[in-house]
Amino acid sequence: MTRHAVACGAAMLLGLGAAVAQSIAVSTVAGSYPSISSGSAEGVGTAARFSNPQGIAVDSTHGIVYIADAANHKIRMYVISTGQVSTIAGTGTSGSVDNPTGTLASFNTPQGVALDSTGANLYVADTFNQVIRKIVLTAPFAVTTIAGTVSSAGAVDNAAGLSAKFQSPRGLVVDGTNLYVADTGNNSIRLVATGTVGNPVSTFAGDPAGSAGVVDGVVGTAARFNQPFAITSDGANLYVADTNNHAVRKIVLTGGVVGTVNTLAGSIGTSGSTDSIGTSASFKNPTGVTVKSGTVYVSDTLNNTIRQILVSSGAVSTLAGTAGQSGLFDGLSTAARFQGPAGIGVDGTGNLYIADTSNQTIRRGGAATIPTVSTPTTAPVAVGVNATFTVTVGGNPTPTIQWQRQLASGGSFSNLSNDATYSGVFTTTLTVTNPQASMNGDKFLAIVTNGVSPTPSVTSSSATLVVQQAPTITSANSVSFPVGSQGTFQFVATGSPAPTFSIISGNTPGSLNTTTGVYTYTPVNNSGSPFTFVVQASNGVGTPATQTFTLTIQNGAVITTPPANAVVSPGGSANFSVAASGTPATFTYQWYRSAGGVSPFFAMTDIGGTYSGSTGPTLTVFNATQGMSGDQFQVVVSNGMPIPPFSP
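Presented here is an overview of the structure given in this document. (Residues numbered from 1 in each chain as written. Predicted model: local features only at pLDDT ≥ 70, side-chain atom pairs only at ≥ 80, totals over all residues. Heavy atoms only, no water.)

1. What to know about the layout of surface pockets
Link 1 in the chain: Space inside the largest pocket adds up to approximately 960 Å³.
Link 2 in the chain: Lining the largest pocket are 37 residues; nearest its centre among them are Thr28, Tyr33, Thr46, Thr398 and Pro399.
Link 3 in the chain: Elements with a minimum of two residues in the lining of the largest pocket: β1 (24-30), β24 (331-332), β31 (393-396) and β32 (400-406).
Link 4 in the chain: For the lining of the largest pocket, the leading source of residues is β31, giving four residues.
Link 5 in the chain: The residue makeup of the lining of the largest pocket, split by class, is 15 nonpolar, 20 polar and two charged.
Link 6 in the chain: Of the voids in this model, the second largest pocket is the one considered here, and its volume is about 470 Å³.
Link 7 in the chain: Going through the elements one at a time, β48 (574-577) and β54 (632-638) are the ones with two or more residues in the lining of the second largest pocket.
Link 8 in the chain: A class-by-class count of the residues in the lining of the second largest pocket yields 13 nonpolar, seven polar and one charged. (1 Å grid on protein atoms, 1.4 Å probe; cavity = no way out; pocket = protein on both sides within 12 Å on 5 of 7 lines; lining within 4 Å. Points joined across faces, edges and corners; volume = space filled by probe spheres on them. Helix = DSSP H or I, 4+ residues; strand = E, 2+ residues; numbered from the N terminus. Nonpolar A, V, L, I, M, F, W, Y, C, P; charged D, E, K, R; others polar.)

This is how it looks when you write it as structure tokens:
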């Protein structure tokens, strides 16, 4: 809709030298994508929201796109380098209030914006207020009304701009000190002389009384238009989107007869989508135009396409979108989809910016570039704490993304789908929800694709999911070592990374390998036993695990009271008893007998009426006979420790 504030000598990115345009890439730079969502949220890129964005003005010097956000009654700006969208003027509620602070001013469905020749001011077609407003482009963005009578429609020229009348003005363009207005409801092109005191308003082309028509090849007010929506200038000519005439008209500004109106392209009064030369081509209700380096770019609104016209020949070609097919899809040339594109502007390097009105987005069309992707970045997480993998992607159009996973156990990478565990599988950030220890070592990568040759798809390096788990000690909490031999015990703990061990309190005589958890000690006696101390396992994740541990030193059984000799009469009974000490104090007994004291000792068993207690602390001999005189008895006492002693 506008001419940029500052001309730029850089080469265009779009193909301008041929009748048929080369491929361009369309991407969504602001507003909801890939779903359609309206609103007024500020934000970066696709986090921002619009409501029926219309006019576009591009400040190439400062890298800013200004947007008439019509249904939000606001003027927004999009910073190209950061993607940030913010409001410079408008409260969000319809009204007609001027204010030194832009966000305290009010508009009523503004639909056109244009920068002045210095880039210091932005003019606004405040469409349903029937006026032209000015915003000073330094904070706090003061808003004033310069022409038109608020809320009073008409077709009145006047030397005092504020006494003039417009009817639904939409398109604007500045050429020097002249502001040209596509006064849509009056079917005319109006001129506001902003360099003259009072901003006088006059009719430059079209019927001053506002009648519609299609008169061509005549000068100024003799020409006729039908609902012109947009206007742009290359300094030599004005170009008008003559919407309901389905054509792009040209008005001469310099050389020849100034003000002569001709049709540059389009079959006047007949809609279509034909790429051809001049009036053999056809459009369908175009509502946006911009010009650069001999090419007029057109938002062919009801065809849902972006067209270009070579000024030198009138050759028309389709740059992006497919006639008759609407949608919201980023892609190459005719694969891209629009829905009611309106305002259009071009920056110094030839990128087009398009207000895709019914899609509630700002789109960009520029040179196609192959996709690029960075290595995913992540950080270790604890069990149950969400993990994210993020990549930075490049390329035009904006690539699609598909995340893949390879299990830690190996195998091939496979596509992920959004579910309870994985989200963002088609975005730059993959989220793994509630990862478990079993997922430690899983690998993830991103495949990005935008179809641009010679490398339409690229795959990132993989990144590994590191799931850290706080330690838990799983080994026993006590052990016994025997006196006289080396005892070992290994503390065991789960956790990732592997925990290390330490003794943090208590009394311990042994030594601990802090890496392996092996505890060793060779006791020489059981003095001080049992020993109690606290072992800690830690790995830097969560709270260290602790365990109170008991070490008991065991010594073999020691006979403290040996069995005594017994003298009995024939037929009598004799008892042999033994007492022992040791750790543990649980003993087993085995009595042995040597007949007459000369034969070897043999283990005894209980024999009814003769022997009982052969495996107890007291052996009883019943019904002694003369032949048993001289028998010897001894006992082995054991507590499970090495070398059980015999009784004397």
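2. Looking at the environment of alanine 603
Link 1 in the chain: Its place among the elements puts alanine 603 in strand β51 (residues 602-603).
Link 2 in the chain: Exposure remark for alanine 603: the relative accessible area of 49% places this residue in the partly exposed category.
Link 3 in the chain: Separated by 476 residues in the primary sequence, alanine 603 and threonine 127 place their C-alpha atoms 118 Å from one another.
Link 4 in the chain: For alanine 603, the contacting residues outside a window of four places in its chain are Gln590, Trp591 and Tyr592. (Buried < 20%, exposed > 50% of the residue type's maximum accessible area, 1.4 Å probe, protein only. Contact = heavy atoms within 4.5 Å.)

3. What to know about the sheet that holds strand β29 (residues 381-382)
Link 1 in the chain: Strand order across the open sheet formed by three strands is β29-β39-β42, with mixed pairing between neighbours. The open sheet has two edge strands, β29 and β42 (493-496), and neither has a second partner.
Link 2 in the chain: Across three bridges, strand β39 (residues 467-473) lies against β42 in antiparallel orientation. Counted as the bridge partner of threonine 472 is threonine 494 from β42. (Pairing = 2+ DSSP bridges.)

4. Re the sheet that holds strand β22 (residues 305-310)
Link 1 in the chain: A sheet is described by the order of its strands in space; here four strands give the open sequence β20-β21-β22-β23, paired in antiparallel fashion. This sheet does not close on itself; its edge strands, each paired only once, are β20 (288-292) and β23 (316-320). Going from strand to strand, the sheet's axes swing by 25° on average, the running direction of each strand aside.
Link 2 in the chain: In the sheet, β20 pairs with strand β21 (residues 295-300) via five bridges, with the strands oriented antiparallel. Note that in β21 the partner of lysine 292 across the bridge is threonine 295. (Axes fitted to C-alpha atoms, helices over the stretch in contact; angles between N-to-C directions.)

5. Re the side chain of serine 152
Link 1 in the chain: Relative to the assigned elements, serine 152 resides in the loop between β10 (143-147) and β11 (169-175).
Link 2 in the chain: In this structure serine 152 comes out as buried when scored by relative accessible area, which is 18%.
Link 3 in the chain: A polar side-chain atom of serine 152 sits 3.0 Å from a polar atom in the side chain of lysine 165.
Link 4 in the chain: Setting aside its immediate chain neighbours within four residues, serine 152 contacts Gln130, Lys165 and Phe166. (Polar contact = N/O pair within 3.5 Å; in protein donor to acceptor, adjacent residues only side chain to side chain.)

6. Brief notes about the packing of aromatic side chains
One pair of aromatic rings is described through two measures. These are the centre distance and the angle between the planes.
Link 1 in the chain: Applying the stated criterion across every chain, the model contains 13 aromatic pairs.
Link 2 in the chain: Ring geometry for phenylalanine 389 and phenylalanine 444: centres 4.8 Å apart, planes at 35°, overall tilted. Here phenylalanine 389 is found in strand β30 (residues 387-390), whereas its partner phenylalanine 444 is found in strand β36 (residues 443-449), with 55 residues between them in sequence. Just as phenylalanine 389 is buried, phenylalanine 444 falls in that class too.
Link 3 in the chain: Summarising the aromatic geometry, the rings of phenylalanine 491 and phenylalanine 549 are spaced 4.8 Å apart at their centres and angled 70° between planes, so their arrangement reads as edge-to-face. Of the two residues, phenylalanine 491 is situated in the loop between β41 (487-490) and β42 and phenylalanine 549 in strand β47 (residues 545-561); the sequence distance between them amounts to 58 residues.
Link 4 in the chain: Exposure remark for phenylalanine 491: the relative accessible area of 1% places this residue in the buried category.
Link 5 in the chain: Owing to a relative accessible area of 0%, phenylalanine 549 belongs among the buried residues under this scheme.
Link 6 in the chain: Three or more aromatic residues link up through ring pairs in this structure, and these residues are Phe481, Phe489, Phe491, Tyr519, Phe533 and Phe549. (Phe/Tyr/Trp six-rings, centres within 6.5 Å; stacked < 30°, edge-to-face > 60°.)

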